[in-house]
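# Secondary and tertiary structure notes
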Amino acid sequence: RAAVDKTQVYVNEQVTLEVAAYRDSRFAWSRAQFSPPETTGFVGYDLAKPDAAAETLNGVEYVRVPCLRQALFPAAAGKLTIGASTLQFTTDPFGADARQVNSKPLTITVLSLPNAGKPLGFGGAVGQFHLEASADKTALQTGQTVTVKVTVTGAGNIATVTEPSLGDLAKFKQFNSNQSEQTAVQGLKLGGTKEFEFVLMPVEPGRLTLGPITLAYFAPATRAYRTATAGSLSLAVTKGAADQSVDSVTGFTKDEIRLPKKDINYIRPYAKRLGDNDRVLYRRPGFLLL
């Protein structure tokens, strides 16, 4: 038997699939081989399976043997099918009586996320999420960098969570950001933590405010969009040394502009003539003379 906790969901909302085999407690089987179902259109994550347990169906005592438990996330709207699972086994120790049982396919109706109320910058996160933010320093000079760490936790497919918004960055120069993620399971719900690190450089002195730091997501429970907020970060920025001031045109400091000159090492800078490496060996005069 295959069963799901719901047959109608939104895009990227979790569907929990369980497949179990029921064996008559009066009989035994051997050489059991389970084949999982096709789940095209879903992104799947394995969940811990429960132990085998006795269960009575229609007055008959069975042993319920869990075969599969997964959290499935549909990637697109429409009608998606979870295929049939199969279990092959024998009822005698010599394997002469081979048998097979199948589960029935399941149809899942996947709804598109509504356009009404969709926040600007929504990246596709579906579930329930919480934000926390911190900076490695709150006082710095122009030309120096600050690392802002934003942590997203919650229930849902954490892999689909995109970068939170840091608000207006007109007074900052932004470098490449890093991110890492870790999945976790609470009950039967998949969730986890995703961390983003942003490296920023203020381009002018003063009391600068970073934020509010926000993440827009869709909450299936309320069928509405929500915004997780980590508030704002206040930075005290003083004017740095002359070489550390940021050029208003390039957005780089003078040290950064000079740095490539130190990094470039010229190959054969005093060579008056360079050979042609594309010429094959047997056509070179020296080879013919030899």
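Structure report, in brief. Computed from a prediction, not measured in an experiment: that's the story for all the values here.

What follows is about the overall build of the protein chain. Each helix and strand in the protein chain was counted, giving two helices and 21 strands. Burial statistics for the protein chain: of 290 residues in total, 32% are counted as buried. Partitioning the contacts of the protein chain with sequence separation of at least 6, the portion at a separation of at least 24 is 70%. Of the accessible surface of the protein chain, which amounts to about 17800 Å², a share of 51% is contributed by carbon and sulfur atoms.

Once that is clear, we can look at the side chain of K194. Position of K194 among the secondary structure elements: in strand β17 (residues 189–202). Reaching out from K194, the side chain makes a polar contact with the backbone oxygen of A159 at a distance of 3.2 Å. Those residues in contact with K194 that sit more than four places away from it in its chain are V150, T151, V152, I158, A159, V161, Q179, S180 and E181.

Looking now at a nonpolar patch on the surface. A cluster of nonpolar side chains, contributed by V280, L281, Y282, F287 and L288, occupies part of the molecular surface with about 530 Å² of accessible area. Secondary-structure assignment places L281 in the loop between α1 (254–263) and α2 (285–289).

What follows deals with the pattern of salt bridges. Using the criterion set out here, one finds nine salt bridges in the structure. Among the salt bridges present, the one from E204 reaches K171, with a minimum N-O distance of 3.7 Å. Taken together, the residues E204 in the loop between β17 and β18 (206–210) and K171 in the loop between β14 (146–156) and β15 (172–174) connect sequence positions 33 residues apart. On the accessibility criterion, E204 (32% relative accessible area) is partly exposed.

Tallied over the full model, the rule gives seven aromatic pairs. With a centroid separation of 5.9 Å and an interplanar angle of 80°, the aromatic rings of Y45 and F73 are classed as edge-to-face. One end of the pair, Y45, is in strand β5 (residues 42–46); the other, F73, is in strand β7 (residues 60–74), with 28 residues separating them in the sequence. For the pair F129 and Y217, a centre-to-centre distance of 5.6 Å together with 80° between the ring planes defines the contact as edge-to-face. Highlighted residues: F129 in strand β12 (residues 127–135) and Y217 in strand β19 (residues 214–219), separated in sequence by 88 residues. Take F129: its relative accessible area is 6%, and that puts it in the buried class. Look at Y217 and you get buried, because its relative accessible area is 4%.

With that out of the way, let us pick up the nonpolar core. Of all hydrophobic cores here, the largest spans 25 residues; its most connected members are F129 and V161. Those elements that place two or more of their residues in this core are β12, β14, β17, β18, β19 and β21 (233–238). Examining the composition of this core, we find that four residues originate from one element, β14, more than from any other. The contact partners of F129, leaving out residues within four places of it in the chain, are V152, T153, G154, A155, G156, I158, V161, L215, Y217 and A228. Judged by nonpolar contacts, the second largest core, of 17 residues, contains F42, L68, L72 and L80.

Turning our eyes to something else, we now look at the side chain of T90. Its location among the elements puts T90 in strand β9 (residues 86–90). One polar contact links T90 to S30, side chain to side chain, over a distance of 2.8 Å.

Now for the environment of A241. The topology assignment puts A241 in the loop between β21 and α1. As for A241 and Q141, which are separated by 100 residues in sequence, their C-alpha atoms are 8.4 Å apart.

This part is about the sheet that holds strand β8 (residues 78–82). Across the sheet, three strands lie side by side as β2-β11-β8; this open sheet has mixed pairing. With partners counted over all chains shown, the strands left at the sheet margins are β2 (8–10) and β8, one partner each. Sheet twist, expressed as the mean angle between neighbouring strand axes with direction ignored, is 35°. Relative to strand β11 (residues 106–111), β8 is paired through five bridges, and the arrangement is antiparallel.

All right, on to unusual backbone geometry then. At the junction of G211 and P212, the peptide bond is cis and its omega measures out at 5° in the coordinates. Looking at the secondary structure, you find P212 in the loop between β18 and β19. The backbone of R31 shows a phi angle near 50°, a positive value even though the residue is not glycine. You can see R31 is positioned in strand β4 (residues 30–35). Backbone geometry at R223 places phi at a positive 55°, although glycine is not the residue there.

Rules used throughout
- Each chain has its residues counted from 1, running along the sequence as written.
- Note on the predicted model: pLDDT of at least 70 is required for a residue's local features to be given, and 80 or more for side-chain atom pairs to be given and counted; whole-chain, interface and lining totals, by contrast, use all residues.
- The side-chain values count all of the structure's non-hydrogen atoms but skip hydrogen atoms and water molecules.
- For the purposes of this entry, the term helix denotes a DSSP run of H or I that reaches at least four residues, the term strand denotes a run of E that reaches at least two, and both are numbered from the N terminus.
- Throughout this description, buried means an accessible area under 20% of the type-specific maximum (1.4 Å probe, protein chains only), exposed means over 50%, and partly exposed covers the range between.
- We call two residues in contact when some of their heavy atoms are within 4.5 Å.
- Computed with a 1.4 Å probe, the accessible areas rest on the Shrake-Rupley method; for each residue, only the protein chains presented here act as cover.
- Here a polar contact is recorded for every N or O atom pair within 3.5 Å, except that within protein the pair must consist of a potential hydrogen donor and a potential acceptor, and residues adjacent in sequence are included only if both atoms are side-chain atoms.
- Residues enter patches when they are more than 30% accessible in relative terms and free of salt bridges; like-charged ones are connected within 9 Å and nonpolar ones (Val, Leu, Ile, Met, Phe, Trp, Tyr) within 5 Å.
- Just to be clear on terms, a salt bridge is a Lys or Arg side-chain nitrogen sitting within 4 Å of an Asp or Glu carboxyl oxygen.
- To pair, rings of Phe, Tyr and Trp, with the six-membered ring standing in for Trp, must have centres within 6.5 Å; the planes then decide the type, stacked if under 30 degrees apart, edge-to-face if over 60, and tilted in the middle.
- Side-chain atoms within 4.5 Å link the members of a nonpolar core, which is a set of buried Ala, Val, Leu, Ile, Met, Phe, Trp, Tyr and Cys residues.
- In short, DSSP must find at least two bridges between two strands for them to pair.
- Interaxial angle, 0 to 180 degrees, is taken between N-to-C directions of lines fitted to C-alpha atoms, where a helix line uses only the stretch in contact.

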